[in-house]
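Summary of structural features
Each chain, letter by letter, is given below.
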Amino acid sequence: MGFDALLGNDALKQRLSVALSRGQLSHCYLISGPAGSGKHTLARLLASAMQCTSASRPCGQCAQCRKVWSGIHPDVITVDDPEKKGIPVKLVRDACADLYVRPNEGAKKIYLFPRAQDLNAQGQNALLKCIEEPPAYGVFLLLTEHAEQLLPTIRSRCVELRLSPLGDDLLQRELAARFPDASPDALRSAMLRSGGYLGQAIDLLREGSELLPQSKAFAEAFCTGSAGDLLRVLAPMERLKREQLRPILLQWTELLSSALASRSGLPAISPECNRIAQRRTDTQLLHAVQAVQHAISLTDANVGTAHICGMLCVRLSEA
Ligand SMILES: [Zn+2]
């Protein structure tokens, strides 16, 4: 199986395969990339490559690989407390103390930090002490969406593996295979909105990346630019609660921003977006994006939804 379970990222996989075949894997990797970019997949591949007992590693078949993939390997230890916003320093200190107990059954003892950016300075300093000179079997896999939030002293001791977005063709093939019942429009929209990251595209398709009914109605009304049409969309929304209004407005911002982007040559995320781009000018779109963003900020500021919808109707009619 090698590193194939991670899609795309060919240069990175090649680099790791070479290091693995030469016995030159590092004892500390910083795996960085946005949500859904494959950080966890890569971490599991690395951990199984290090524990695997087959000739061609990682095989995905042996007992060691299987335990890593099912998350039950006693020598692959996750350092996190999902209940807490930050990672408590005590967990890091416990891991560093545990590091000196030899592995149970694996060749390595691997500490996985699923959100390394949530270590505060104290936690990072505690971690620094143990990654500086670990025993030969000690390995650290630090996963992060924001590598820049880690201390330079930590980063300089890690080999950084930065995950890249997938190419359109590869992502489209993968999504079509995973969601055989999804419409081509839904697949295309998820692909464009995901920024090329498989995990995000999957989330969008699971949530239903189709536009909300209010967003479809808004797209039509905004195309005509008629104040009456906009009022017919916005008036019923005055009865919504702020937390119901907000996701609708967020989708409107996305729709308008994408229409604006598609006017400068980028692909449109949906047919509605395409129609808006054809019917309205850059200035009108920019004005509308600002109006909707202002409305979103008002939902954070305890302003009533009737007032927000009324204001939005006026400003969008002027756009
Ligand atoms: Zn194996």
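Residues numbered from 1 in each chain as written. Predicted model: local features only at pLDDT ≥ 70, side-chain atom pairs only at ≥ 80, totals over all residues.

1. Observations concerning the domain arrangement of the protein
Annotation of the protein at the domain level lists domain 1 (10-162), domain 2 (168-207) and domain 3 (213-318). The gap between the C-alpha centroids of domain 2 and domain 3 is 24 Å. (Domains from an automatic or database assignment.)

2. Quick word on the nonpolar core
Counting residues in hydrophobic clusters, the biggest one holds 43 residues, and the most contacted among them are Ala-201, Leu-256, Ala-259, Ala-288, Val-292, Leu-312 and Leu-316. Among the elements that make up this core, the one with the highest residue count is helix 12 (residues 242-263) (7 residues). Excluding its chain neighbours within four sequence positions, the residues that come into contact with Val-292 are Leu-249, Trp-252, Thr-253, Leu-256 and Leu-312. Ile-87, Leu-119, Cys-130 and Leu-161 belong to the second-largest nonpolar core, a separate cluster that totals 41 residues. (Core = buried A, V, L, I, M, F, W, Y, C linked by C-beta atoms within 7 Å. Buried ≥ 20, exposed ≤ 12 C-beta atoms within 10 Å, placed from the backbone. Helix = DSSP H or I, 4+ residues; strand = E, 2+ residues; numbered from the N terminus. Contact = placed C-beta atoms within 7 Å.)

3. Regarding the environment of Glu-132
Its location among the elements puts Glu-132 in helix 5 (residues 121-132). Judged by local crowding, Glu-132 falls into the exposed class, with 10 C-beta atoms found within 10 Å. Between the C-alpha atoms of Glu-132 and Leu-212, which are 80 residues apart in sequence, the distance is 51 Å.

4. Some details on the packing of helix 10 (residues 213-224) against helix 12
Running from N to C, helix 10 and helix 12 point in directions that differ by 40°, and their axes come no closer than 9 Å. As far as their axial angle goes, helix 12 and helix 10 are oblique. In this structure, helix 10 meets helix 12 at a crossing whose hand is right-handed. Residues Gln-214, Ser-215, Phe-218 and Ala-219 of helix 10 lie in contact with helix 12, whose contacting residues are Ile-248, Gln-251, Trp-252 and Leu-255. Considered class by class, the residues forming the contact of helix 10 with helix 12 number 5 nonpolar, 3 polar and no charged. (Axes fitted to C-alpha atoms, helices over the stretch in contact; angles between N-to-C directions. Parallel < 35°, antiparallel > 145°, perpendicular 65-115°, else oblique. Left-handed = near helix turned anticlockwise from the far one by under 90°. Nonpolar A, V, L, I, M, F, W, Y, C, P; charged D, E, K, R; others polar.)

5. Quick notes on the sheet that holds strand 4 (residues 138-144)
If you walk across this open sheet you meet the 5 strands as 2-3-4-1-5, and the pairing is parallel. The sheet is open, and its two edges are formed by strand 2 (76-78) and strand 5 (159-162), each paired on a single side. Each neighbouring strand pair of the sheet contributes to a mean axis angle of 20°, computed without reference to strand direction. Two strands pair when backbone bridges link them, and strand 1 (residues 28-32) and strand 4 are joined in this way by 5 bridges, in the parallel orientation. What sits directly across from Ser-32, in strand 4, is Thr-144. (Pairing = 2+ DSSP bridges.)

6. As for helix 5
With 12 residues, helix 5 extends 16 Å from end C-alpha to end C-alpha; this agrees with the ideal 16 Å at 1.5 Å per step. Where helix 5 is concerned, the buried positions are Gly-123, Gln-124, Leu-127, Cys-130 and Ile-131. The buried residues of helix 5 occupy one face: seen down the axis, they fall within an arc of 125°. Exposed positions of helix 5 whose direction lies more than 90 degrees from the buried face are Ala-121, Lys-129 and Glu-132. Those residues of helix 5 that are buried lie in contact with strand 1, helix 4 (89-98), strand 4 and helix 6 (152-155). (Expected span 1.5 Å × (residues − 1). Arc of directions from axis to C-beta.)

7. A few points about the pairing of strand 3 (residues 109-113)
Along strand 3, 5 of the 5 residues are buried, which leaves the element largely enclosed by surrounding structure. Burial along strand 3 is two-sided: Lys-109, Tyr-111 and Phe-113 facing one way and Ile-110 and Leu-112 facing the other are all buried. The pairing of strand 2 with strand 3 spans 3 bridges and is classified as parallel. Each residue of the ladder has a partner; that of Ile-77, found in strand 3, is Tyr-111. Traced from strand 2 through helix 4 to strand 3, the parallel crossover comes out right-handed. Here 5 bridges tie strand 3 to strand 4, and the two strands are oriented parallel to one another. Looking at strand 4, one finds that Tyr-111 is bridged to Phe-140. (Right-handed = clockwise from strand over helix to strand, strands pointing away.)

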